[in-house]
Amino acid sequence: MRLCIFGAASNDIDQSYIDATFDFAKKLAERGHSLVFGAGKEGLMGAAARGFTAGNAEIIGVIPHFFDEFDVEVKYKKCTRLIMTNTMHERKAKMEDLADAFVIIPGGVGTFEEFFEVITLKQLGRHKKPIAIYNMNGYYDNLEALLDTAIEQGFFNEACRDIYKFTSDEEELIYYLENDKETELTLYELKKSKNSKNRKDSED
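Residues numbered from 1 in each chain as written. Predicted model: local features only at pLDDT ≥ 70, side-chain atom pairs only at ≥ 80, totals over all residues. Heavy atoms only, no water.

1. A word on helix α2 (residues 43-54)
No. 1: Across its 12 residues, α2 extends 17 Å between first and last C-alpha, which sits within 8% of the 16 Å expected from 1.5 Å per residue.
No. 2: Looking only at α2, the buried set comprises Gly-43, Leu-44, Met-45, Gly-46, Ala-47, Ala-48, Ala-49, Gly-51 and Phe-52.
No. 3: Here the buried face of α2 lies against β1 (2-6), α1 (15-30), β2 (34-37) and β3 (59-64).
No. 4: At the exit of α2 stands Asn-56, carrying a positive phi of roughly 60°. (Helix = DSSP H or I, 4+ residues; strand = E, 2+ residues; numbered from the N terminus. Expected span 1.5 Å × (residues − 1). Buried < 20%, exposed > 50% of the residue type's maximum accessible area, 1.4 Å probe, protein only. Contact = heavy atoms within 4.5 Å.)

In C-alpha cells, the structure reads:
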C-alpha cells in the first residue's frame, strides 16, 4: 500500500515527535508499505522518509520546481522516485492520485490544509481512501474537538465521523489502514446506507 503522509516540514519541534515518526515509518515499511510525501528532508517528513529508507521501502517524493528556485525546502536525496511539479496544486493532486491511503501526523498550516482537502474530497465522493490522523502526544485533541463541535451544531454531517479515524494508538492506526473496509465508503454511501436502515426500522 502506498501511504501518503502529511506532516511538519520544520525541525523546530520537540525531538520526541521526530523519533516517534521515524519508528512509525520504519514499522510501516517493514510491513510492506511504501511512502508518498512532499520530498522534504527536514521535520517529520524527513523523519518519515528516513524511516521508510531504513525499512528498505519505495519512497516517492513530489515537490514543485520553485522550491529549488527560492530555496523553500531541502529535498530528501534518497527518494526512489522524485516527481517535480509546477505548482502546489499539482503537487497535492499528484500525491493524492498516487496514494492508497492518507496518514496525517503533527504539522502546521500546510498539514491542516492537506487534511481538510482529502477529507473534503472524500465526503464529495472523489475518492474512497482511508484517512487516519495519528494523534501523537494529544497534538490533535483540539482539532478532533473542533470537528465534534461542528457536527454537534450541524455544520458538519455526522456521517463524516465514519470517513476518517483519529487515534493515538499506533497499532490501531495500522489496523485501520490495512483492514477497515468501512473507510472505503463515501459520505453519500454512508448516508444512503443509514437512510435505508432507518426506513427499514420504521417499517418494522
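2. Digging into the sheet that holds strand β7 (residues 165-167)
No. 1: Here 7 strands make up an open sheet; going across it, the order is β4-β3-β2-β1-β5-β6-β7 and the pairing parallel. Each edge of the open sheet is held by one strand with a lone partner, namely β4 (81-85) and β7. The sheet shows a mean angle of 20° between the axes of neighbouring strands, taken without regard to direction.
No. 2: Its contacts with the sheet put helix α4 (residues 88-98) on β1, β2, β3, β4 and β5 (101-104), and the angle it makes with β3 is roughly 160°. (Pairing = 2+ DSSP bridges. Axes fitted to C-alpha atoms, helices over the stretch in contact; angles between N-to-C directions.)

3. Some details on unusual backbone geometry
No. 1: Its identity is not glycine, yet Ala-39 carries a phi of approximately 75°, on the positive side.
No. 2: With respect to the secondary-structure elements, Ala-39 resides in the loop between β2 and α2.
No. 3: Judged by its relative accessible area of 0%, Ala-39 falls in the buried class.
No. 4: In this structure, Asn-56 takes a positive phi of about 60° despite not being glycine.
No. 5: Summarising the element assignment, Asn-56 is placed in the loop between α2 and β3.

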